[in-house]
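Spelled out from the first residue to the last, the chains are:
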Amino acid sequence: LGRDLRVAYKRLHLRRPSSMPEARTTRGSVEDVSAEQDFMNLGRWLMENTSDKELTVLMAQLGLACKATSRACAKAGIAGLFGLAGEVNSTGDDQKKLDVLSDEIFVSALINSGACAVLVSEERDEAIIVPEEKAGRFCVAFDPLDGSSNIDCNVSTGTIFAVYEKLHPDSKDSSEADILRTGTDIVVAGYCMYGAATELVLCFRSNDAGVERFSLDPSLGEFIHTHTAVKIPPGGGKKIYSCNEGNSCNWDAPILDAVAQFKAEGYSARYVGSMVSDVHRTILYGGIYIYPADKKSAKGKLRVLYEGFPMALIVETAGGIGSTGLFQGKVQRMLDLVPGSIHDRCPVILGSPRDVKLVLSKYEAGN
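Cut-offs and rules
Residues numbered from 1 in each chain as written. Predicted model: local features only at pLDDT ≥ 70, side-chain atom pairs only at ≥ 80, totals over all residues. Heavy atoms only, no water. Helix = DSSP H or I, 4+ residues; strand = E, 2+ residues; numbered from the N terminus. Buried < 20%, exposed > 50% of the residue type's maximum accessible area, 1.4 Å probe, protein only. Areas by Shrake-Rupley, 256 points an atom, 1.4 Å probe, with all protein chains shown as cover. Pairing = 2+ DSSP bridges. Contact = heavy atoms within 4.5 Å. Axes fitted to C-alpha atoms, helices over the stretch in contact; angles between N-to-C directions. Expected span 1.5 Å × (residues − 1). Polar contact = N/O pair within 3.5 Å; in protein donor to acceptor, adjacent residues only side chain to side chain. Salt bridge = Lys/Arg side-chain N within 4 Å of Asp/Glu carboxyl O.

## What to know about the overall build of the chain
- Assigned secondary structure in the chain consists of nine helices and 18 strands.
- Buried positions account for 49% of the 367 residues belonging to the chain.
- Here the chain has roughly 17600 Å² of accessible surface; of this, 51% comes from carbon and sulfur atoms.

In C-alpha cells form, the structure reads like this:
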C-alpha cells in the first residue's frame, strides 16, 4: 500500500490533468520589483536638498529613531509594552511603557548624532544639555509619542518635533534660552505617524518646495520619498471639523458659535484624539483642527514647543493658517508666540483658510 501511494503521488506531480491550469510563467505570482531600480530614500533626499552636513546627520538620526519607534509600536502587544509605566510625565500625564521607551530611543539617537546641543522632551521635566564632547549646534524639541492614550487600543500615534539652531552656533555654552524662541526660528519641523503605514512628514524653512512626505518601506527599512510640495486642497477641501466636543461645556462663545455653524453647513466631525493623525488628515483632506483654551485650561492643553509650533509651521507651509484664537487678551498667529518655559501651553486652531477664518471672524464679531 505504501508503494502504491508513493507511485500515485509521483504521477500526480508528473502528469497534469488537462483541467488543471498550466504553471504561471509570468511574475504575477511574486512581487514584481523589476521597475524598482531607483530609490529616493530619506538619506539621498537630504543630501540632494540640504547643503548642511550636520543637519543631514541630525535628520538621518531622527529618521532612525522614528523607525525604531514604529517597530516598537508594531510589536507592543508581543513584547508586553502595553499599559502604564507607573510614572507621570512633565505635563502631568500618566506615562505609558511606550512613552518611556520612545523617549529613550529619541534621546539616545539625538545625543549620539553629534549634532545637538539642547533637547526638550515632553517626557522629561528639564531640558537635556548635551555634553560638550558630543554637542553640535542644533536644539530639538519633541513629543516622542503623541496620542499615547490610544496605544492600548491600536489607534494611530505619532512623533512631533521641531529643530532650532543655537543662538550662537560657535559657542560651547548651551541653555534653554537657545530653544525658548518663536516658531518662526524653526529650521525643520516634522512629524511621523505610526498607523496602517508609517509616514514621515518634513518641512524645511530653507526649502522652497514646502512640505515633503516619506513612507517607510518595511522590506527596505527605508523612508521613501512619495510626495513633494504638499498643499491643503484648494478652496479648503472637504468640510471636516475636528475637536473634542466632550469639552464643549467649557468653551468660549466664539468657538461654540463656529462649531455650531460647521454643523449647520453640513460639516462632518472627525476626531482621533492623536494630534498627528488629526492634523495629517486636515492637511491631506482639508477642514479644521481645533483644541481651544477653555474654562479648565486657560492656556489650552497642547504644548507650544513640540506640538503647536511644528504643526503650525507645517500647516502654514501647506497653505493653511495656524492661530491661537483669543489667547492672552488677543487673537494671535501661533508661530509668533514666545514660550515662557519649555513645557508652556497654548490653544491651537489649524487648518484651511476657509475654516480658520470663519472661527477668527467669530472673535472679531464678539469684540
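## Thoughts on the pairing of strand β5 (residues 138-146)
- Extensive coverage of β5 is indicated by the burial of nine of its nine residues.
- Where strand β3 (residues 116-121) lies against β5, five bridges are found, and the strand directions are parallel. Within β5, the position partnered with S121 by the bridge is F142.
- Pairing between β5 and strand β6 (residues 157-165): seven bridges, direction antiparallel. Within β6, the residue paired with F138 across the bridge is E165.

## Describing the pairing of strand β8 (residues 198-204)
- The buried count for β8 comes to seven of seven residues, which makes it a mostly enclosed element.
- Side chains T198, L200, L202 and F204 of β8 all project onto a buried face; the interleaved residues E199, V201 and C203 project onto the opposite face, where all are buried too.
- Across seven bridges, strand β7 (residues 188-194) lies against β8 in antiparallel orientation. Within β8, the position partnered with M193 by the bridge is E199.
- Here β7 folds back onto β8, and the loop between the two strands holds three residues.
- Examined bridge by bridge, β8 and strand β9 (residues 211-217) share five bridges and lie antiparallel to one another. Each bridged residue has a counterpart across the sheet, and for V201 the counterpart in β9 is R213.

## Looking at the sheet that holds β9
- As summarised here, the arrangement of the eight strands in space is β4-β3-β5-β6-β7-β8-β9-β10, forming an open sheet in which the pairing is mixed. In this open sheet, the two strands that pair with only one neighbour each are β4 (128-129) and β10 (222-230).
- Sitting on the sheet, helix α5 (residues 97-111) is in contact with β3, β4, β5, β6 and β7, with an inclination near 160° to β5.
- Across the sheet, helix α8 (residues 304-317) lies against β3, β5, β6, β7, β8 and β9, angled at about 85° from β6, the strand it touches most.

## What about helix α7 (residues 275-285)?
- Of all 11 residues making up α7, nine are buried, and the element is well covered by its neighbours.
- Three or more residues of α7 are buried, namely M275, V276, S277, D278, V279, H280, R281, T282 and I283.
- Immediately beyond the C-terminal end of α7, within one or two residues, lies G286, with a positive phi of roughly 105°.

## Some points on helix α9 (residues 353-366)
- The end-to-end C-alpha distance of α9 is 20 Å, a good match for the 20 Å that 14 residues give at a rise of 1.5 Å each.
- Inspection of α9 places D355, V356, L358, V359, L360 and Y363 among the buried residues, and these make up the whole buried set.
- On its buried side, α9 packs onto α6 (253-264), β13 (288-291), β15 (321-327), β16 (330-333) and β18 (348-351).

## Description of the environment of N112
- For N112, the location among the structural elements is in the loop between α5 and β3.
- In the structure, N112 is positioned 18 residues away from V130 in sequence and 9.5 Å away in space, judged by C-alpha atoms.
- Only 2.8 Å separates the side chain of N112 from the backbone oxygen of S108, close enough to count as a polar contact.
- At 2.9 Å, the side chain of N112 and the side chain of K134 are in polar contact.

## Points about the pattern of salt bridges
- Applying the stated criterion across every chain yields a total of 16 salt bridges.
- Between R137 and D52 there is a salt bridge, with the nearest N and O atoms lying 2.1 Å from each other. Pair noted here: R137 is in the loop between β4 and β5 and D52 is in the loop between α2 (42-49) and α3 (53-74), with a separation of 85 residues, a long-range link. In this pair, the class of R137 matches that of D52, namely buried.
- Of the charged contacts in the structure, one is a salt bridge between E165 and R137, with a shortest N-O distance of 2.5 Å. Taken together, the residues E165 in strand β6 and R137 in the loop between β4 and β5 connect sequence positions 28 residues apart.
- You can call E165 partly exposed: its relative accessible area is 25%.

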